[in-house]
Amino acid sequence: MQDTIAELVEKQRIIEVGLRYASAVDTRDVERFLTCFTPDAHWYSDVHDARGHDQIAEALRRTIALLDATQHVATNFEVTLDGDRAHMRSCYIATHVRAPLEPFVLAGAYDDVLVKTADGWRIRERRLTIQWTRGDPAVMTGITR
């Protein structure tokens, strides 16, 4: 079945949320980052679990405070629409830098549940799956060897 023009527009708007997420992290813009999420969102992985804007903002602030720079590349977006709900799966490669340590790279997938709000599409649930890493994980912990 072919998507209609309206469905393609909605899918693009959803993908833009994923791209805004990556850009907001890399520019350290916590307020912009929060525009990706509903106020009651759940953002979690094997290494963090945050619910709601306050916890999500705090988790991001703690992480970026450790780092000199990050670069998140998001790709392979697959979006399934279901009325005012959607599922998006995408892949990422995220490089985390803190001198003098070797950069730490994580790669994997985001699995998202999004809802359409008065302000546009927002992530209600984002599960981050780490599929592989490379480099020095001490970059992310603040503990050096």
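In the block above lies the structure referred to throughout.
Residues numbered from 1 in each chain as written. Predicted model: local features only at pLDDT ≥ 70, side-chain atom pairs only at ≥ 80, totals over all residues. Heavy atoms only, no water.

1. A few points about the pattern of salt bridges
Here the idea is simple: oppositely charged side chains can pair when their charged atoms come close.
Consideration 1: Per the stated rule, a full pass over the model turns up nine salt bridges.
Consideration 2: Among the salt bridges present, the one from R13 reaches E10, with a minimum N-O distance of 2.9 Å. Note that R13 and E10 are positioned in helix α1 (residues 5-26) at a spacing of three residues, about one turn of the helix.
Consideration 3: Classification of R13 as partly exposed rests on a relative accessible area of 44%. (Salt bridge = Lys/Arg side-chain N within 4 Å of Asp/Glu carboxyl O. Helix = DSSP H or I, 4+ residues; strand = E, 2+ residues; numbered from the N terminus. Buried < 20%, exposed > 50% of the residue type's maximum accessible area, 1.4 Å probe, protein only.)

2. A closer look at the nonpolar core
Consideration 1: I14, Y21, F33, F37, W43, I56 and L114 are the most contacted members of the largest nonpolar core, which totals 35 residues.
Consideration 2: Looking at this core, the elements that each hand over two or more residues are α1, α2 (30-34), β1 (37-44), α3 (52-65), β4 (85-97), β5 (104-117), β6 (120-135) and α4 (138-141).
Consideration 3: In this structure, F33 is in contact with Y21, A24, V25, W43, I56 and L60, ignoring residues within four places of it in sequence. (Core = buried A, V, L, I, M, F, W, Y, C linked by side-chain atoms within 4.5 Å. Contact = heavy atoms within 4.5 Å.)

3. Overview of the environment of E58
Consideration 1: Residue position: E58 is located in helix α3.
Consideration 2: Overall, E58 belongs to the partly exposed group, its relative accessible area being 37%.
Consideration 3: C-alpha separation for the pair E58 and V30, spaced 28 residues apart in sequence, amounts to 9.1 Å.

4. Considering the layout of surface pockets
Consideration 1: As a volume, the largest pocket reaches approximately 590 Å³.
Consideration 2: In terms of lining residues, the largest pocket is bounded by 28 residues, among which S45, V47, H48, T63 and M140 are the most central.
Consideration 3: Within the residue set of the lining of the largest pocket, elements represented by two or more residues are α1, β2 (49-51), α3, β4, β5, β6 and α4.
Consideration 4: Top contributing element to the lining of the largest pocket by residue count: α3, with seven residues. (1 Å grid on protein atoms, 1.4 Å probe; cavity = no way out; pocket = protein on both sides within 12 Å on 5 of 7 lines; lining within 4 Å. Points joined across faces, edges and corners; volume = space filled by probe spheres on them.)

5. Looking at unusual backbone geometry
Consideration 1: Look at the link from A99 to P100: it is a cis peptide, with omega at 5 degrees.
Consideration 2: Of note, the phi angle at R28 is positive, near 60 degrees, even though the residue is not glycine.
Consideration 3: With respect to the secondary-structure elements, R28 resides in the loop between α1 and α2.
Consideration 4: Classification of R28 as partly exposed rests on a relative accessible area of 34%.
Consideration 5: Phi is positive for N76, close to 55 degrees, though the residue is something other than glycine.
Consideration 6: Following the sequence through the fold, N76 ends up in strand β3 (residues 69-82).

6. With respect to α1
Consideration 1: Look at α1: 32 Å from first C-alpha to last across 22 residues, which is about the 32 Å you get at 1.5 Å a residue.
Consideration 2: All of the buried residues in α1 are E10, K11, I14, I15, V17, G18, R20, Y21, A22, A24 and V25.
Consideration 3: Of the residues one or two after α1, R28 is the one with positive phi, at around 60 degrees. (Expected span 1.5 Å × (residues − 1).)

Function cannot be read off these values alone, since they describe shape.
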